[in-house]
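# Report on the structure
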Amino acid sequence: IFGYALRFASEDELLIGSPGDRQWLGADPGGSYYVYKRRASGGWRFEYKVTQPPAFATDRRCTLGAPLRIDGDRAVTLFRSLTRPTAHALELSRSPTSGRWELIDVLAIDGITIDSRAEDFDFVGDWIFVADDNRGQGASGRVLTLKRTATGWEQQLDLAPPEPYSVWTPSGLIANEGFGSGLDFDGNRLVVSSMEGFVPGREGRAETFVYDGARWTREHLVVPDDVHVNGRTFGDGVALAGPSILAGFRTYLTEDP
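Structure report, in brief. Please read these numbers as outputs of a predicted model, since none were measured by experiment.

Attention now goes to the side chain of E13. As for its placement among the helices and strands, E13 is situated in strand 2 (residues 13-18). Residue class for E13 comes out buried when judged on its relative accessible area of 3%. For E13, the contacting residues outside a window of four places in its chain are R7, F8, V35, Y36, K37, W44, Y48, R94 and W101.

As a further point, take the environment of A57. With respect to the helices and strands, A57 occurs in the loop between strand 4 (44-50) and strand 5 (68-71). For A57, a relative accessible area of 36% puts it in the partly exposed group. Spatially, the C-alpha atoms of A57 and G30 are 8.4 Å apart, while their sequence positions differ by 27 residues.

Below, the discussion takes up the sheet that holds strand 15 (residues 205-211). Spatially, 13-14-15-16 is the arrangement adopted by the four strands of the open sheet, whose pairing is antiparallel. In this open sheet, the two edge strands, each paired with only one partner strand, are strand 13 (179-185) and strand 16 (216-222). Strand-to-strand twist across the sheet, computed as the mean angle between neighbouring axes with direction ignored, equals 30°. Where strand 14 (residues 189-194) and strand 15 come together, six bridges link them in antiparallel fashion. If you follow R189 over to strand 15, its bridge partner there is V210.

This part takes up the pattern of salt bridges. Enumeration over the complete set of coordinates arrives at 13 salt bridges. Notably, a salt bridge pairs E47 with R45, separated by 2.6 Å at the nearest N-O pair. Owing to a relative accessible area of 29%, E47 belongs among the partly exposed residues under this scheme. By relative accessible area, R45 is classed as partly exposed at 33%. One salt-bridge network, held together by shared partners, links R74, E91, D126 and R148.

Moving on to the packing of aromatic side chains. According to the stated counting rule, one finds 13 aromatic pairs in the structure shown. An angle of 50° between the planes, with centres 6.1 Å apart, marks the rings of F8 and W44 as tilted. Of this pair, F8 sits in strand 1 (residues 5-10) while W44 sits in strand 4, and the two are 36 residues apart along the sequence. Residue class for W44 comes out partly exposed when judged on its relative accessible area of 31%.

Here we take up the side chain of S18. Mapping S18 onto the fold places it in strand 2. Of the residues examined, S18 reaches a relative accessible area of 4% and is grouped as buried. S18 has contacts with I1, F2, G31, S32, Y34, L64 and G65, leaving out every residue within four places of it along the chain.

This part is about the nonpolar core. In terms of nonpolar packing, the biggest core is built from 17 residues, with V50, L90 and W101 touching the most fellow members. Within the residue set of this core, elements represented by two or more residues are strand 3 (32-38), strand 4, strand 6 (74-80), strand 7 (87-94) and strand 8 (101-108). Broken down by element, this core gets its largest block of residues, three residues, from strand 8. Judged by nonpolar contacts, the second largest core, of 13 residues, contains V76, L78, L146 and W153.

Cut-offs applied
- Residues numbered from 1 in each chain as written.
- Predicted model: local features only at pLDDT ≥ 70, side-chain atom pairs only at ≥ 80, totals over all residues.
- Heavy atoms only, no water.
- Helix = DSSP H or I, 4+ residues; strand = E, 2+ residues; numbered from the N terminus.
- Buried < 20%, exposed > 50% of the residue type's maximum accessible area, 1.4 Å probe, protein only.
- Contact = heavy atoms within 4.5 Å.
- Pairing = 2+ DSSP bridges.
- Axes fitted to C-alpha atoms, helices over the stretch in contact; angles between N-to-C directions.
- Salt bridge = Lys/Arg side-chain N within 4 Å of Asp/Glu carboxyl O.
- Phe/Tyr/Trp six-rings, centres within 6.5 Å; stacked < 30°, edge-to-face > 60°.
- Core = buried A, V, L, I, M, F, W, Y, C linked by side-chain atoms within 4.5 Å.

Pasting the structure below:
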């Protein structure tokens, strides 16, 4: 599955994920990242693969090649395992001696099931954020956070919607707010989108959060002013840059194309 994940480490270095690499050759759990460097001529040259070191070779959770985020000389990838119900993160680091990327840790993230979408996460500095919109589970959704401390990564309290709702739908199921349908972190401010937002209009919403030293608190609330927005798809894509938030929605129940 070469090409499942793509990420630039710099303008001249590229990592390409291949979670199926070696899976069928008796090298379970398999998976790898191909590392390419840019040639002086402008083309790309394959350099090496990042694979599991011997210490991880028997860990069935450890399958490389999923989407990843890079911050300086560290990288984190979040993935699900078909053999274990919870999600895990893998941390990679650039070797100070060889300059190569190496797998250095496997992080267990409590509370994320196989149904969660492993691509909805972000990693910057000392924070990892994982979106768990609880789609179809009859709950509001949440964002799980891990913070790097002097002793390693520690899972923090979940970030939940400040104003969750609970109503009964005609089918008898609790409405799912969809908090955590998308997120983005710029190193200081976190934005989280909700597919359905507040129940009356189902218009969806985006919220920014800042850390006060003890917890993440809501800073701004943004709701779309377009009455045609289908809330059930709002915020599947959300991005943050400086003072700007970009939130997307795909629509198929309105006249908008």
